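Reading the structure
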Amino acid sequence: SQKIEQNSEALNIQEGKTATLTCNYTNYSPAYLQWYRQDPGRGPVFLLLIRENEKEKRKERLKVTFDTTLKQSLFHITASQPADSATYLCALDLPPTGFQKLVFGTGTRLLVSP
Amino acid sequence: DTAVSQTPKYLVTQMGNDKSIKCEQNLGHDTMYWYKQDSKKFLKIMFSYNNKELIINETVPNRFSPKSPDKAHLNLHINSLELGDSAVYFCASARAGGNTEAFFGQGTRLTVV
C-alpha cells in the first residue's frame, strides 16, 4: 500500500532561516502532490499544488519541488517567521482516477523561534 | 461566510451511544470527504462522495454510515460508539476530477467516555 512519510515529527529553526521539510512516498506515482498547513484546533489549509511535470513551484516565501524519480517533494519556507509555526502536511492523490482521493503524510511540526 | 462548516465542534458521549456529525459546504463542490485525525495527528481518509454517490470507503467499520442528502451536505452517523472512536473528524470538499485543492471544516472533536 502507499506510504507517505515526512522527514521528522518536529523541526525547530531560528527566525530568518530557511525551513526545509521532506515528503517521501513509495509505490504509486501521483500525478500531483499538495502541501497543507494545519494550526492547532483547526482544519488543514491548502498551500501549494505541484504537478508531476513541474520541477518547482513558488508562492511568496514558499517553494515546493517534486522529484518523481526520487519519489520525493521538498517544501521550503524562506525567511521563516514565528507565525510560520504549524504542522505541515503533504498529500497525494491516489486512484480511483477521476475522483480525488487525497491521502496525507504523517506531518511535520515546525517551530520557528524568535 | 464559512466555506465548509461542521456541527457540532465538540461532542462528548458515552460508549454505546449513537451520534451524528453534520457537514455542509457552500462552495458548489461535487466531492466531499470525511477524515479522521487520531491522537498522533495522523489524518486518515474515511469516505468520499461525489455528487451524492459513495466513491471511497476506506475499510471503515460499518458502525460508521455516511449520508449525503444532496451534494452540499455529507453527514456522518456513528452507531454503538467505542472508546477508540475518540478523535477529531474533519469534513472536506473539493471540485470533482482531481488535481484540485481540498477545503476543510474546523473539525469535530469526539470524545467517547
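Along each chain, the written sequence defines residue order, and numbers are assigned to residues from 1. By the order in which they are written, chains take letters starting at A while ligands take numbers starting at 1. Since the coordinates come from a predicted model, pLDDT governs what is reported: local features require at least 70, and pairs of side-chain atoms require 80 or more to be given and counted, while whole-chain, interface and lining totals use all residues. Side-chain calculation: all heavy atoms of the structure are included, whereas hydrogens and water are not.

Our focus in this paragraph is the sheet that holds strand S8 (residues 72-77) of chain A. Backbone hydrogen bonds hold the strands of a sheet together, and the pairing may be parallel or antiparallel. Residue and element names in this part refer to chain A. The strand order across the open sheet formed by five strands is S1-S3-S8-S7-S6, and the pairing between neighbours is antiparallel. The sheet is open, and its two edges are formed by strand S1 (4-6) and strand S6 (56-59), each paired on a single side. Averaged over all neighbouring strand pairs, the angle between strand axes comes to 15°, with direction disregarded. Here S1 pairs with strand S3 (residues 19-25) via three bridges, running antiparallel. Across the sheet, isoleucine 4 pairs through a bridge with tyrosine 25, a residue of S3. Whether two strands pair depends on DSSP finding at least two bridges between them. In this text, helices come from DSSP runs of H or I with a minimum length of four residues, and strands from runs of E with a minimum of two, each type numbered from the N-terminal end. For helices, the fitted line uses only the C-alpha atoms of the stretch in contact; every axis is such a line through C-alpha atoms, and the angle between N-to-C directions lies from 0 to 180 degrees.

On to the nonpolar core, then. If you look at the biggest cluster of nonpolar residues, it comprises 25 residues, and the most contacted ones within it are A:Leu33, A:Trp35, A:Phe75, A:Tyr88 and A:Leu110. Those elements giving two or more residues to this core turn out to be strand S2 (10-14), S3, strand S4 (32-38), strand S5 (45-51), strand S7 (62-67), S8, strand S9 (86-94) and strand S11 (108-113) of chain A. Among the elements that take part in this core, S9(A) stands out by supplying five residues, more than any other. In this structure A:Leu33 touches A:Cys23, A:Tyr25, A:Leu48, A:Leu49, A:Ile50, A:Phe66, A:Ser73, A:Cys90, A:Ala91 and A:Leu92, once residues within four positions along its chain are discounted. The next biggest cluster of nonpolar side chains, apart from the first, holds 20 residues, and it includes B:Met32, B:Ala87, B:Tyr89 and B:Val112. Remark: nonpolar core denotes a set of buried residues (Ala, Val, Leu, Ile, Met, Phe, Trp, Tyr, Cys) joined through side-chain atoms within 4.5 Å. Think of it in three bands: with a 1.4 Å probe and only protein chains considered, a residue is buried below 20% of the maximum accessible area for its type, exposed above 50%, and partly exposed in between. By definition, residues are in contact when any of their heavy atoms lie within 4.5 Å.

Moving on, we get to the pairing of strand S8 (residues 73-78) of chain B. Remember that side chains alternate between the two faces of the sheet whenever the strand is regular. Residues and elements named next belong to chain B. By the alternation rule, side chains of S8 split into Leu74, Leu76 and Ile78, which are all buried, and His73, Asn75 and His77, of which none is buried. As paired strands, strand S3 (residues 19-25) and S8 are joined by four bridges and run antiparallel to one another. From the neighbouring strand, serine 20 faces S8, where its bridge partner is histidine 77. Sheet analysis places strand S7 (residues 64-70) next to S8, joined by five bridges and oriented antiparallel. Paired with aspartate 70 across the strands is histidine 73, a residue of S8.

So, on to the interface of chain B and chain A. Tallying the contact residues gives 23 residues for chain B and 21 residues for chain A. By buried area we mean the combined loss of accessible area, with a 1.4 Å probe, across both parts when two parts are placed together. Of all residues in chain B, B:Leu43, B:Asn99 and B:Phe104 give up the largest surface area on contact with chain A, accounting jointly for 25% of the area buried on that side. Salt bridge, as used here: a side-chain nitrogen of Lys or Arg that lies within 4 Å of a carboxyl oxygen of Asp or Glu. On inspection of chain B and its partner chain A, the count reaches one salt bridge. Across the salt bridge formed by B:Glu58 and A:Lys101, the nearest N and O atoms sit 2.7 Å from each other. We call two N or O atoms a polar contact when they sit within 3.5 Å, provided that within protein one can donate a hydrogen and the other can accept it, with sequence-adjacent residues counted only if both atoms are side-chain atoms. The interface formed by chain B and chain A holds five residue pairs in polar contact (both at pLDDT 80 or more) in total. Breaking the side of chain B that touches chain A down by element, the ones donating at least two residues are strand S4 (31-37), strand S5 (43-50), strand S6 (53-57) and strand S9 (87-94) of chain B. It is S5(B) that contributes the most residues to the side of chain B that touches chain A, four residues altogether. Per-class residue counts for the side of chain B that touches chain A are 11 nonpolar, nine polar and three charged. Each residue receives one of three labels: charged for Asp, Glu, Lys and Arg, nonpolar for Ala, Val, Leu, Ile, Met, Phe, Trp, Tyr, Cys and Pro, and polar for the others, Gly being one of them.

What follows deals with the pairing of S9(B). All names here are of chain B. Most of S9 sits inside the fold, with eight of its eight residues counted as buried. Burial along S9 is two-sided: the face carrying Ala87, Tyr89, Cys91 and Ser93 and the face carrying Val88, Phe90, Ala92 and Ala94 are both buried. Sheet topology note: the S4/S9 ladder contains seven bridges and is antiparallel. Looking at the pairing, threonine 31 lines up with alanine 94 of S9. Sheet topology note: the S9/strand S11 (residues 108-112) ladder contains three bridges and is antiparallel. By the bridge assignment for S11, tyrosine 89 is matched with threonine 108. Both S9 and strand S10 (residues 103-104) contribute to a ladder of two bridges, which runs antiparallel. Each residue of the ladder has a partner; that of serine 93, found in S10, is phenylalanine 103.

Attention now goes to the packing of aromatic side chains. Between rings of Phe, Tyr and Trp, where Trp is taken as its six-membered ring, a pair exists when centres lie within 6.5 Å; planes separated by under 30 degrees are stacked, by over 60 edge-to-face, and by other angles tilted. A full pass over the atoms with the stated rule returns 12 aromatic pairs over all chains. Aromatic ring contacts, followed pair by pair, group A:Tyr36, A:Phe46, A:Phe104, B:Tyr33, B:Tyr35, B:Phe90 and B:Phe104 into a single cluster.

Functional significance is not addressed by these values, which are geometric in nature.
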